[in-house]
Amino acid sequence: MLEDKKFYIKTHGCQMNEYDSDKLDDVLQHHFKMERTNKPESADLLFLNTCSIREKAQEKVFHQLGRWKKYKSNKPDLLIAVGGCVATQEGNKIKSRSPQVDIIFGPQTIHRLPKMIEEVINKKKKVQVDVSFPEIEKFDYLPSSKKKTPSAFVSIMEGCSKYCTFCVVPYTRGEEVNRRFDDIIFEVSNLSKLGAKEIVLLGQNVNAYKSENYTKDKVNFADLIRYVSYIDGIERIRHTTSHPIDFGEDLINEYKNPKLADNLHLPVQSGSDSILMRMKRKHTSLEYKSIIRKIRKIRPDIHLTSDFIIGYPGETDNEFTETINFIYDVNFTDAYSFIYSPRPGTPATLEKDNISMETKKKRLYELQNIIREQSIAYSKSMHGTHQRVLVEERSKKKPGEYFGRASNNKIVNFKSRENYIGNFVDVEITNVTQNIVFGEIINQNIEKEKQNARAKIAK
Ligand code: SAH
Ligand code: F3S
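Parameters and conventions
- Residues numbered from 1 in each chain as written.
- Chains lettered and ligands numbered in written order.
- Predicted model: local features only at pLDDT ≥ 70, side-chain atom pairs only at ≥ 80, totals over all residues.
- Heavy atoms only, no water.
- Helix = DSSP H or I, 4+ residues; strand = E, 2+ residues; numbered from the N terminus.
- Polar contact = N/O pair within 3.5 Å; in protein donor to acceptor, adjacent residues only side chain to side chain.
- Contact = heavy atoms within 4.5 Å.
- Axes fitted to C-alpha atoms, helices over the stretch in contact; angles between N-to-C directions.
- Parallel < 35°, antiparallel > 145°, perpendicular 65-115°, else oblique.
- Left-handed = near helix turned anticlockwise from the far one by under 90°.
- Nonpolar A, V, L, I, M, F, W, Y, C, P; charged D, E, K, R; others polar.
- Near = heavy atom within 4 Å.
- Salt bridge = Lys/Arg side-chain N within 4 Å of Asp/Glu carboxyl O.
- Buried < 20%, exposed > 50% of the residue type's maximum accessible area, 1.4 Å probe, protein only.

Asks: How would you summarise the side chain of Lys162 if you had to cite specific residues and measurements?
Replies: Summarising the element assignment, Lys162 is placed in the loop between β8 (157-158) and α6 (169-172). Engagement of the side chain of Lys162 in a polar contact is seen with the side chain of Asp246, the distance being 2.8 Å. Not counting residues up to four positions away in its chain, the partners in contact with Lys162 are Glu176, Asn205, Ala208, His243, Ile245, Asp246 and Lys282.

Asks: Can you lay out the packing of helix α7 (residues 181-193) against helix α8 (residues 221-230) for me, pointing to particular residues and giving the numbers?
Replies: Relative to each other, α7 and α8 sit at 30 degrees, their axes nearing to 10 Å. The orientation of α7 relative to α8 falls into the category roughly parallel. The two elements α7 and α8 cross, and the hand of that crossing is right-handed. Mapping the contact onto sequence places Phe181, Ile184, Ile185 and Val188 in α7 and Leu224, Tyr227 and Val228 in α8. The class makeup of the residues in the contact of α7 with α8 is seven nonpolar, no polar and no charged.

Asks: Break down the site of ligand 2 for me, with residues and values.
Replies: Around ligand 2 lies a shell formed by Cys160, Lys162, Tyr163, Cys164, Phe166, Cys167, Val169, Pro170, Gln204, Asn205, His243 and Arg281. Residues of the shell around ligand 2, tallied by class, amount to seven nonpolar, three polar and two charged.

Asks: Summarise the environment of Lys39; cite the residues concerned and give the values.
Replies: As for its position among the elements, Lys39 is in the loop between β2 (35-36) and β3 (45-50). Separated by 277 residues in the primary sequence, Lys39 and Thr316 have C-alpha atoms spaced 48 Å apart.

Asks: An account of the pattern of salt bridges is requested, with residue identities and associated values reported.
Replies: Considering all chains together, one arrives at 30 salt bridges under this definition. The residue Glu249 makes a salt bridge to Lys294 at a minimum N-O spacing of 2.7 Å. Of this pair, Glu249 sits in helix α9 (residues 249-253) while Lys294 sits in helix α11 (residues 285-298), placing them 45 residues apart in sequence. On the accessibility criterion, Glu249 (46% relative accessible area) is partly exposed. A residue is classified by how much of its surface remains accessible, and Lys294, at 31% relative accessible area, is partly exposed. The shortest N-O distance in the salt bridge between Arg278 and Glu351 comes to 3.7 Å. Here the residue Arg278 occupies a position in helix α10 (residues 273-278), and Glu351 occupies one in the loop between β16 (334-339) and α13 (357-381), the gap between them amounting to 73 residues.

This is the structure in structure tokens:
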């Protein structure tokens, strides 16, 4: 009944949402043989995968649904579904504020969508809502991905049990649940067979990962990285996001593993101990620095990025200065920074927020300028180095140019007559302007790699 019809997915928010949207795509193609389109106006099913981490992200949802309403008046059979974190938090509000919506589902109920869609089409129910957290059931019922990409996301755990005072994630995605170790290894092997060379291990707190292997031995995140690195064809491993309190010696030591990429995103939120305590981050600025010092002993050039929240309730000038000094001290090579946004139901909303928006914006601006300088300095330090780049795409603007990512996750642009998409090339960095990195291919082993890849496909 839905065969040959088209669906469109709009994704807001984090990489976890990107991953969920890919899974949504797999589910629809697998169950209904539907096709994905990038034109919402030609779709029969519209999906909005939402984010509620900050207020602005949430406002975007109702604006988007307003724009989609007019499609529905032209095409009454059009189905509109809303998923993700806003769906979990505001399920009933969406139902009353946006009657054009047919289905509301949470991040953990994607696998139940086919049934929900069928029930709406058969008009058994008018609006379908399922935003529950059925433990790890989601992974068991999702079809395995058939997509061929050089870099593939693999979700290893869901949710978060840390309950930082400002954060909505534990309430929208539920508590930490680990995926079965064997299932992860199986998925990575499959992706490798399909041509993936890089794996990004995903979760809200990947380094809290704990499970058992097939011999019932306990395994943690460092073990998981090591096992994944043993899988034939996997040459690079990334992960996001980790938390400082779960960053043990074994994980630090795993940075000796050459397959583990040369970047680390380790959110710290603030460099002030009193704020860290009020946020319930459960570590000090010194403990954070100690982790970084040990990692830099193994990886002196690691690309270290973080997240910062500015204007947490009651943040004094002095506490803000502590954060600035911390940024200078640690020398972050990039960061995301946000003005604190009160999230309904989180403990921080009970604290008195007495800082003016003007001060918050001024602080954010100052912090971002420093981070920008450190980021440019890091890119410039790449000049003259040799980088192994996993080629992702052809440049849309400049013919004959391609780009990909170096191990440190920096995008590197280079010219090439041959199409090396999906392969590694060795590049010498010859020019860095502001933050854009250019290089020239120096790798002579490409042909060999291509032959290996062809042989693998032929097998
Ligand atoms: N799991 C990650 C963070 C997930 S949320 C961790 O361990 O920190 C992504 C980022 O959004 C956070 O790191 C934080 O910097 C930001 N963020 C979360 N809640 C926020 C809020 N209420 N206001 C502003 N920024 C917020
Ligand atoms: Fe949010 Fe803190 Fe977890 S920032 S995702 S509650 S580690």
